[in-house]
Amino acid sequence: MPDTRSYQPLLSALVIGLAIVIAAALGARALERVKASQQTITVTGSARKQITSDLIIWRGYVAYQASDLQQAYADLKGGMAKLKAYLIEKGIPADQIVETSISTQALHPVGEQGMELSEIAGYRLQQGVEIRSSDVDRITRISRESTELINQGVALESQQPQYLYTKLGDLKVEMQAEAAKDAKERAERISQAVGSKIGKLRSARMGVLQITPAFSNEVSDYGINDQSSLQKDITAVTTLEFEVE
């Protein structure tokens, strides 16, 4: 019988060689999968639209002071009556005029060293109205013209109106869809330029909405919600990642 021990080195070499070939083949296939997984494109798209505020909030305040609390209160009530009558005359329904609470401040004299003394020299009372309306143009005009009351002895402080858009929920979905469409079109153009095409969508990330005064380029990582401007721009940003074929 032939001695099998003489074949052992050859068998060992064959086994080792076969193992190397199999390992190389598996490694090559794994490398191909890794490379394929790395063939992606990430593109950011945006959409912008100008909107007009459809709700306005305006607040106006009157304040009076007197040495006597009762007198200050009487003056305040008189000023509030004139303010409400003025607003109703301008066409604002009485049920839209909401009175704020009265704030009372005790006035103290100042001593020689510039410190307030404990005694009370008088009182300052303040009260106002708040109006919420969809008649944006009318309330905007009134907020500017209401200082006419000063000629009637009413010490009015007119605050800057707040301008809001009430259909933001529906518009948000629409704008994000437009931004995603823009991102996809960008990805397709870039892929075509290098002789490829986009495949499956791997991930999508929606950015925060930026609501800014019209034509503003201001942005914030946390989003902007402007309430100072009648005309606004709403901007949505979406980042998409696609496979490349």
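Before reading on, note that the structure itself is shown above.
Procedures and definitions
Along each chain, residue indices are assigned from 1 in the same order as the chain's sequence is written. Reporting of local features is limited, given that this is a predicted model, to residues whose pLDDT is at least 70; pairs of side-chain atoms are given and counted only at 80 or more, and all residues count toward the totals for whole chains, interfaces and linings. Excluding hydrogens and water, the side-chain values take into account all heavy atoms of the structure. Where helices and strands are cited, they refer to DSSP runs of H or I of at least four residues and of E of at least two residues respectively, numbered from the N terminus. Any residue under 20% of the maximum accessible area for its type is buried, any over 50% is exposed, and the rest in between are partly exposed; the area is computed with a 1.4 Å probe on protein chains only. The Shrake-Rupley method, run with a 1.4 Å probe, gives the accessible areas here. Residue values count only the displayed protein chains as cover. Here the arc refers to the directions that run from the helix axis out to each C-beta atom. Residue contacts follow a heavy-atom distance rule, with two residues in contact if any of their heavy atoms lie within 4.5 Å. By the criterion applied in these results, polar contacts are pairs of N or O atoms within 3.5 Å in which, for protein atoms, one can donate a hydrogen and the other can accept it, and in which residues neighboring in sequence qualify only through two side-chain atoms. In this text, buried Ala, Val, Leu, Ile, Met, Phe, Trp, Tyr and Cys residues form a nonpolar core when linked through side-chain atoms within 4.5 Å. Just to be clear on terms, a salt bridge is a Lys or Arg side-chain nitrogen sitting within 4 Å of an Asp or Glu carboxyl oxygen. Pairing between two strands requires that DSSP report at least two bridges joining them.

### With respect to the overall build of the protein chain
Stage number 1. The helix and strand inventory of the protein chain stands at four helices and 11 strands.
Stage number 2. Across the 245 residues in the protein chain, those meeting the buried criterion constitute 30%.
Stage number 3. When the accessible surface of the protein chain is split by element, carbon and sulfur atoms take 53% of a total near 15700 Å².

### Focus: helix α3 (residues 136-145)
Each α-helix winds once per 3.6 residues, and so residues spaced three or four apart point in a common direction.
Stage number 1. Along α3, the positions that sit buried rather than exposed are Val136, Ile139, Thr140, Ile142 and Ser143. Across the axial projection of α3, the buried residues extend over an arc of 165 degrees, all falling on one side. For α3, the exposed residues lying more than 90 degrees away from the buried face are Asp137 and Arg144.
Stage number 2. As for α3, its buried residues are in contact with β2 (55-66), α2 (69-89), β5 (122-133), β6 (156-158) and β7 (162-164).

### A closer look at the environment of Tyr123
Stage number 1. As for its placement among the helices and strands, Tyr123 is situated in strand β5.
Stage number 2. What Tyr123 contacts, discounting residues up to four positions off in sequence, is Tyr64, Gln65, Ala66, Ser67, Asp68, Leu69, Ala72, Thr104, Gln105, Ala106 and Leu107.

### A few points about the environment of Glu218
Stage number 1. Tracing the backbone shows Glu218 in the loop between β9 (210-213) and β10 (224-225).
Stage number 2. Accessibility expressed as a relative area gives 48% for Glu218, which makes it partly exposed.
Stage number 3. In this view, Glu218 contacts Gln210, Thr212 and Ile224; residues no more than four positions away in its chain are not counted.

### Remarks on the side chain of Gln210
Stage number 1. Structurally, Gln210 is set in strand β9.
Stage number 2. In terms of polar contacts, Gln210 uses its side chain to reach the backbone amide nitrogen of Ile224, at 3.4 Å.
Stage number 3. In contact with Gln210, not counting residues within four places along its chain, are Glu218, Val219, Ser220, Gly223, Ile224, Asp233, Ile234 and Thr235.

### As for the nonpolar core
Stage number 1. Core analysis: the biggest nonpolar cluster contains 23 residues, and Val62, Leu83, Leu87, Ile92, Val129 and Ile139 have the highest contact counts within it.
Stage number 2. With six residues, the top contributor of residues to this core is α2.
Stage number 3. Dropping the residues within four chain positions of it, Ile139 is found in contact with Ile56, Trp58, Ile92, Ile131 and Ser133.
Stage number 4. Counting nine residues, the second largest nonpolar core, distinct from the first, contains Met175, Ala179, Ile211 and Ile234.

### What to know about the pattern of salt bridges
Stage number 1. Applying the stated rule across the entire model yields 12 salt bridges.
Stage number 2. Ionic pairing is found between Glu130 and Arg132, a salt bridge with its closest N-O pair at 3.0 Å.
Stage number 3. A relative accessible area of 47% places Arg132 in the partly exposed class.
Stage number 4. In this structure, Arg138 and Asp135 form a salt bridge, with 2.8 Å as the shortest nitrogen-oxygen distance.
Stage number 5. Relative accessible area serves as the criterion here: at 34%, Asp135 is assigned to the partly exposed category.
Stage number 6. Through salt bridges with shared partners, one network takes in Arg59, Glu130 and Arg132.

### Considerations on the pairing of β9
Stage number 1. Note: β9 against β10, two bridges, orientation parallel. Counted as the bridge partner of Ile211 is Asn225 from β10.
Stage number 2. Bridge analysis of β9 against strand β11 (residues 231-244) gives four bridges, and the strand direction is antiparallel. By the bridge assignment, Pro213 is partnered in β11 with Lys232.

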